[in-house]
Amino acid sequence: MTYEFLQHYWWFLVSLLGALLVFLMFVQGANSLLGSLGGNEEGRRMVINSTGRKWELTFTTLVTFGGAFFASFPLFYSTSFGGAYWLWMIILFTFVLQAVSYEFQNKLGNFLGPKTFQLFLIINGLAGPLLLGGAVATFFEGSNFIVTKENLIDAQSFTPVISRWANASHGLDALLNPWVLVFGFAVVFLARTLGILYVLNNVNDADIRARGRARLAGSAVTFVILFVAYLVHLLVKDGFAVDPATGAIVMEPMKYLHNFLAMWYLLVLLLVGVVLVLYGIGRTLTAKDYIYGIWPAGIGVVLTVLALLVSVGWNNTAYYPSTADLQSSLTLANSCSSEFTLRTMAVVSLLIPFVLAYIVYAWRSLDRKKIDRQEMTEGETY
């Protein structure tokens, strides 16, 4: 395993975690539709108990995604999480609201009332996917930061801070880019689409399923329009290429299209993923009794997002470009951990299949019985 191989290997693992996180945001998507899916208090409780069985997986994956980034590409972590901290703090705050809401909405002594915490779930369901989608979009669109590694070796101006944000917005300026918003809202409506598909599969209630099917088309069509618009924009825009000989960052016309053509397997992965997403949505809309759309659509989302994220780091591409100083852009080579660290973590990563197997087992155990109205009166509920 060469150093370069380890860099690419860990970017693949980080991309896979990101893809799984996008899929698991069906929790946020369903919560954002809490009122319209539930209809009444009992219906809302069924939706909350459905997503309540999985919200910890989403939160854990988000933390693991950040941890993997910190361990394998620490300069990205210090630059983005340290510089764009307003963006990341708002994201984390909305997820804290989610955790508190599940834990306390029906506890004795809750003076705020259950509806206040349900509102918190809706806020997380909308703001979480939007801001996370916006953060991911900066991998393609760039961010406003400057990296000065000379600070570590300059005796006169020595400082451990080698990256800084170029303005006072600290990450919120990304939301002024219309294409960042397009991608962010695409993730919002993708999460809502997946949330509806998940609830259709997980909640055994005719009224909720009827409500879900009635709202699926609107969310799915909006997602497809936004996603296709951004994908076309991505494939024709100039990208941030790395000169392999010098490490210099240069602008290359249609760089991301060239990446998919050069790495044809990623293009196949992308196309298969898109087809699976459309199949899961289409069959759910056309087959009245079909409730398994979350599985082809979910697998398709993982494949699609994985292909997009891998393409932004491989093939001599700057995965975190700087719009303030082009040469400050982060690449796999200039932002990764030491070879020893990557090699040691690569050995530990061999345990990942066992962890995934446990998650599958736990998921199946939790979903052995579908949620229904009887459970709301007899079982332990959120």
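All of these numbers come straight from a predicted model, not from anything done at the bench.

(A) Here's a closer look at the packing of helix 10 (residues 206-236) against helix 12 (residues 264-286). At their nearest, the axes of helix 10 and helix 12 sit 10 Å apart, and the two run at 160° to each other. Judged by the angle between their axes, helix 10 and helix 12 are roughly antiparallel. Judged by the sense of rotation from one axis to the other, the crossing of helix 10 with helix 12 is left-handed. The segment helix 10 lies against helix 12, with Arg213, Leu216, Ala217, Ala220, Phe223, Val224, Phe227 and Leu231 engaging Leu270, Val274, Val277, Leu278, Ile281, Thr284 and Leu285. In terms of residue class, the contact of helix 10 with helix 12 is made up of 13 nonpolar, 1 polar and 1 charged.

(B) Structural view of the environment of Arg209. Secondary-structure assignment places Arg209 in helix 10. Sequence separation between Arg209 and Leu37 is 172 residues, and the spatial gap between their C-alpha atoms is 8.2 Å. Excluding residues within four positions of it along the chain, Arg209 makes contact with Leu200, Asn201, Val203, Asn204 and Ile291. At 2.9 Å, the side chain of Arg209 forms a polar contact with the backbone oxygen of Leu200.

(C) Seen up close, the pattern of salt bridges. This model, assessed by the stated rule, comprises 3 salt bridges. The closest approach of N and O atoms between Glu339 and Arg343, which form a salt bridge, is 2.7 Å. Placement of both Glu339 and Arg343 in helix 15 (residues 339-348) is noted, with a separation of 4 residues, approximately one turn of the helix. Owing to a relative accessible area of 31%, Glu339 belongs among the partly exposed residues under this scheme. Overall, the relative accessible area of 31% leaves Arg343 in the partly exposed class.

(D) Representation of unusual backbone geometry. The phi dihedral of His170 is positive, around 50°, even though this residue is not glycine. The residue Met254 is not glycine, and still its phi comes out positive at about 50°. Counting through the fold element by element, Met254 comes out in the loop between strand 4 (249-252) and helix 11 (255-262).

(E) Layout of the nonpolar core. Within the largest apolar cluster, 102 residues are counted, with the highest numbers of intra-cluster contacts made by Trp11, Phe23, Phe69, Phe73, Phe139 and Tyr319. The element best represented in this core is helix 9 (residues 178-202), accounting for 12 residues. If we skip the residues at most four places from it in the chain, Phe23 touches Leu194, Ile294, Gly298, Val301, Val302 and Trp363.

Cut-offs and rules
- Residues numbered from 1 in each chain as written.
- Predicted model: local features only at pLDDT ≥ 70, side-chain atom pairs only at ≥ 80, totals over all residues.
- Heavy atoms only, no water.
- Axes fitted to C-alpha atoms, helices over the stretch in contact; angles between N-to-C directions.
- Helix = DSSP H or I, 4+ residues; strand = E, 2+ residues; numbered from the N terminus.
- Parallel < 35°, antiparallel > 145°, perpendicular 65-115°, else oblique.
- Left-handed = near helix turned anticlockwise from the far one by under 90°.
- Contact = heavy atoms within 4.5 Å.
- Nonpolar A, V, L, I, M, F, W, Y, C, P; charged D, E, K, R; others polar.
- Polar contact = N/O pair within 3.5 Å; in protein donor to acceptor, adjacent residues only side chain to side chain.
- Salt bridge = Lys/Arg side-chain N within 4 Å of Asp/Glu carboxyl O.
- Buried < 20%, exposed > 50% of the residue type's maximum accessible area, 1.4 Å probe, protein only.
- Core = buried A, V, L, I, M, F, W, Y, C linked by side-chain atoms within 4.5 Å.

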